[in-house]
Amino acid sequence: MNKIANKQVINDVLLEESAKDKDIIVLCSDSRGSAGMKSYAEQRPEQFVEVGIAEQNLVGISAGLAACGKKPFAVSPASFLSTRSMEQAKVDVAYSNTNVKLIGISGGVSYGALGMTHHSATDIATMGSMPNMRVYLPSDRFQTEALIKSVLKDEKPAYIRIGRNAVEDVYEDGNVPFELDKATLVKDGTDVTIIACGELVGDAKAAAEELSGKGISARVLDMYCVKPIDKDAIIKAAKETKLIVTVEEHTMYGGMGSMVAQITAANAPVKVVNLTLPDAPVVTGKSREIFKYYGLDAEGIVKTVTEQL
Amino acid sequence: MNLEAKALDIRKDIIELIYSAGCGHIGGDLSVTDILVDLYYKQMNVDPNKMDDPNRDRFVLSKGHSVEALYCVLADRGFFDKKELFDTYSKHLSKYIGHPNNKINGVEMNTGSLGHGLSVAVGMAMAGKMDKRDYRVYAVMGDGEMAEGSNWEAITAGAHYGLDNLTAFVDRNRLQISGTTEEVMTADDQEERWAAFGWNVISIPGNNMEAIDNAVEEAKKTKGKPTVIIANTTKGCGVSFIENKAAWHHKVPTEAEYQQALKELDERRAQL
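Residues numbered from 1 in each chain as written. Chains lettered and ligands numbered in written order. Predicted model: local features only at pLDDT ≥ 70, side-chain atom pairs only at ≥ 80, totals over all residues.

Asks: Which residues make up the overall build of chain A, and what values do they have?
Replies: Counting its secondary structure elements, chain A contains 12 helices and 12 strands. Based on the C-alpha atoms only, the size of chain A along its principal axes is roughly 55 × 40 × 35 Å. The buried share of chain A, taken over its 309 residues, is 60%. Across chain A, the fraction of contacts at a sequence separation of at least 24, relative to all contacts at a separation of at least 6, is 77%. (Helix = DSSP H or I, 4+ residues; strand = E, 2+ residues; numbered from the N terminus. Buried ≥ 20, exposed ≤ 12 C-beta atoms within 10 Å, placed from the backbone. Contact = placed C-beta atoms within 7 Å.)

Here it is in structure tokens:
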């Protein structure tokens, strides 16, 4: 069982890279602890900015830093970052095209029983709807590392959502296929394609293995790049498999599944089933309990595939 | 350079631009003109041909709707072709839209939604401190805009980080689209509010060029904290029938009004 959370990987990558690049700045909104950024804050005080509990200011200041050549990473709970500071993300970052990386931590339903105020089940919709804003939901720690290293090389806005806790590895150390803005083929298959993002890629992978035992060949695509979404991979899947099932820790409207359906409908019509959180506050529970309840875990995915195929 | 004369010429450009385009926020343009003229013709280190100079001073127009005043100043200072501005402003496919657009040379940041500019300016000032550069950052805000809560986050942070390279202006013209600021949402204690948050506060007659320039000089000498200049201005300043009328927030002059406005400005120019 992996015990390293994706946020820890981000801290480690930024700590390492910031030693070489003095323009890297991490900003937190009283969130350095929950962001796993404590060691960064301690070791890079000159490259760390605390803004207090003020998410609008967090993003506005980040944009100002970026406009002067800095490479800011604004790290704050995804729930607040994707809604409270949504207009700053739209105007100061996306529209002004500033090199700000918005890191939404404890995303989705990570905060579990803390309730809807702390859930970010609409962040793909809110951030993805903005022109010039990229949206990434990496699956495991290895992909998170590859993603952060990759976006450090560009100068464009991005929103990256990660969960709170460690998740099972999808990839292996030293064997992490990664190409920016291309879905990663986790497993090939010919009957059904399961397209997942974020923490649920692990469940999609486990479901595919179980389906294999039932004689169903499932392809699994890790669509960490929700925007720009990998259109080619989706069309290919639509043409080569009979069914697409999407799985995401997000509400049903404006999420990754919606985008997949939009692309298949216009280019290669195929049955698309979206497994999502409901259009309602979710039931109380831990992430895994919530995923199981709404059929987003491996068991739920297997059930949907066998019913729909 | 005679800055008063320049400010009258810029006002004529603003009237011309709004009249020919058929749109614009004339009242706020005319109240903020003197501040922009002092900054762009005297105080700020900005060169139209060196907008990638990391040591240039930074300017953010938080009250983005006063964009006609900014565009007229930038065009006159040679940041872009004045004719192109006048021919295309707000027209189909133009980059000269009705709020600052950073695709235009000289515009640092897109603004328009109120309550954004000061946070951005705080970030710019922080970057200057981090890089040990001596550029200064200026943000111009509207008084109606001071009702935006996000401003107070930025004001708190500006003082917390002791950003003495940052100067904010509040264009205190006492009018907003629905009426007086005091009717719409109390703003009359700006000086006390900013002072309570830890800023150096200077209150001046905001359409007086000498007072503006002296205040900017004082801000440059003030160490350890940012400065706000509460510029007590007249909305529509310079044109008698536009002055102090909320209705002229974004009204467009008729041909007779346009002629009258230019005549008044010419008369004032002749008296200098």
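Still more ground to cover, so stick around.
Asks: Describe the overall build of chain B, naming the residues involved and giving the relevant values.
Replies: The helix and strand tally for chain B stands at 10 helices and seven strands. Over its C-alpha trace chain B gives a radius of gyration of 17 Å, about what one expects of a compact globule, namely 19 Å for 272 residues. Judged by the C-alpha coordinates and their principal axes, chain B covers about 50 × 45 × 35 Å. The buried share of chain B, reckoned over its 272 residues, is 51%. (Rg over C-alpha atoms; globule rule 2.2 N^0.38 Å.)

Asks: Describe the pairing of strand β2 (residues 137-142) of chain B, naming the residues involved and giving the relevant values.
Replies: All names here are of chain B. In terms of burial, β2 is a largely internal element, six of the six residues being buried. The pairing of strand β1 (residues 58-61) with β2 spans four bridges and is classified as parallel. Bridge pairing in β2 links Phe59 to Tyr138. By the bridge criterion, six bridges tie β2 to strand β3 (residues 166-172) in an arrangement that is parallel. Among the inter-strand pairings, Val140 is bridged to a residue of β3, identified as Phe169. Of the crossover connections in this fold, the one passing from β2 over helix α6 (residues 149-160) to the parallel β3 is right-handed. (Pairing = 2+ DSSP bridges. Right-handed = clockwise from strand over helix to strand, strands pointing away.)

Asks: I'd like to hear about the domain arrangement of chain A, residue by residue, with values.
Replies: All names here are of chain A. Domain annotation of chain A identifies domain 1 (6-161) and domain 2 (184-308). One C-alpha centre belongs to domain 1, the other to domain 2, and the line joining them spans 26 Å. Taken residue by residue, the interface counts 23 residues in domain 1 and 26 residues in domain 2. Mapped by element, the contributors of at least two residues to the side of domain 1 that touches domain 2 are α6 (123-128), β5 (134-136) and α7 (141-151). Here the side of domain 1 that touches domain 2 is built from residues that sort into 11 nonpolar, nine polar and three charged. (Domains from an automatic or database assignment. Nonpolar A, V, L, I, M, F, W, Y, C, P; charged D, E, K, R; others polar.)

Asks: Any details on the pairing of strand β1 (residues 24-28) of chain A? Residues and values, ideally.
Replies: All names here are of chain A. By the criterion of burial, β1 is predominantly enclosed, with five of the five residues buried. By the alternation rule, side chains of β1 split into Ile24, Val26 and Cys28 and Ile25 and Leu27, which are all buried. The pairing of β1 with strand β3 (residues 71-77) spans five bridges and is parallel. The residue of β3 that forms the bridge with Leu27 is Ala74. Pairing of β1 with strand β2 (residues 48-50), which is carried by three bridges, proceeds in the parallel orientation. Residue pairing across strands places Val26 opposite Phe48, the latter belonging to β2. The parallel pair β1 and β2, bridged by helix α2 (residues 38-43), forms a crossover whose chirality is right-handed.

Asks: Explain the interface of chain A and chain B residue by residue, including any values.
Replies: Facing 21 residues of chain A, the contacting portion of chain B comprises 20 residues. If you list the elements that add at least two residues to the side of chain A that touches chain B, you get α3 (55-67) and α5 (86-95) of chain A. Ranked by residues supplied to the side of chain A that touches chain B, first place goes to α3(A) with nine residues.

Asks: I'd like a rundown of the sheet that holds β3(A), residues and numbers included.
Replies: All names here are of chain A. Strand order in this open sheet of seven strands is β2-β1-β3-β4-β6-β5-β10, and the pairing throughout is mixed. The open sheet has two free edges, formed respectively by β2 and β10 (225-227), since each of these has just one partner strand. Adjacent strand axes in the sheet meet at a mean angle of 20 degrees, parallel and antiparallel pairs treated alike. Packed on one face of the sheet, helix α1 (residues 6-20) meets β1, β3 and β4 (101-105) and runs near 140 degrees to β1. (Axes fitted to C-alpha atoms, helices over the stretch in contact; angles between N-to-C directions.)

Asks: Tell me what's going on with the confidence of the model for chain B, and back it up with residues and numbers.
Replies: Residue-level pLDDT values for chain B average 97, and 100% of them are 70 or greater. Reported confidences for the modelled complex are a pTM of 0.97 and an ipTM of 0.97. (pLDDT = per-residue confidence, 0-100.)

Asks: Give a detailed account of α6(B), specifying residues and quantitative values.
Replies: The α-helix advances 3.6 residues per turn, and as a result positions three or four apart in sequence lie on the same side. Taking 1.5 Å per residue, 12 residues should reach 16 Å; α6(B) reaches 17 Å between its end C-alpha atoms and fits that length. Taken as a whole, α6(B) has its buried residues at B:Ser150, B:Asn151, B:Glu153, B:Ala154, B:Ile155, B:Ala157, B:Gly158 and B:Ala159. Along its buried surface, α6(B) packs onto α3 of chain A together with α5 (117-130), β3 and α8 (190-196) of chain B. Looking one or two residues past α6(B), B:Gly162 carries a phi angle of roughly 55 degrees, positive in sign. (Expected span 1.5 Å × (residues − 1).)

Asks: Please set out unusual backbone geometry residue by residue, giving values where relevant.
Replies: Residue and element names in this part refer to chain A. The residue after Lys227, namely Pro228, is reached through a cis peptide bond having omega 0 degrees. Summarising the element assignment, Pro228 is placed in the loop between β10 and α9 (231-240). Positive phi, normally seen in glycine, also occurs at Ser106, with a value near 50 degrees. Tracing the chain through its elements places Ser106 in the loop between β4 and α6. The buried category is assigned to Ser106, around which 28 C-beta atoms lie within 10 Å.

Asks: Report on the sheet that holds strand β8 (residues 192-196) of chain A, specifying residues and quantitative values.
Replies: Residues and elements named next belong to chain A. Pairing is mixed in the open sheet, where five strands are placed in the order β7-β9-β8-β11-β12. The sheet terminates laterally at β7 (184-187) and β12 (271-277), the two strands that pair on one side only. Adjacent strand axes in the sheet meet at a mean angle of 25 degrees, parallel and antiparallel pairs treated alike. Relative to strand β9 (residues 218-222), β8 runs parallel, the two being bridged by five bridges. Bridge pairing links Ile194 to Val220 in β9. Across the sheet, helix α8 (residues 201-213) touches β7, β8, β9 and β11 (243-251), and the angle it forms with β9 is around 170 degrees. The strands touched by helix α12 (residues 298-308) within the sheet are β8, β9, β11 and β12, with β12 carrying the most contacts at an inclination of about 155 degrees.

Asks: With reference to specific residues and values, describe the packing of α3(A) against α5(A).
Replies: Residues and elements named next belong to chain A. Between α3 and α5, whose axes approach to 9 Å, the crossing angle comes to 5 degrees. Between α3 and α5, the angle falls in the class roughly parallel. Between α3 and α5, the residues in contact are Gln56, Val59, Gly60 and Ala63 and Gln88, Ala89, Asp92 and Val93, respectively. Residue composition of the contact of α3 with α5, by class: four nonpolar, three polar and one charged. (Parallel < 35°, antiparallel > 145°, perpendicular 65-115°, else oblique.)

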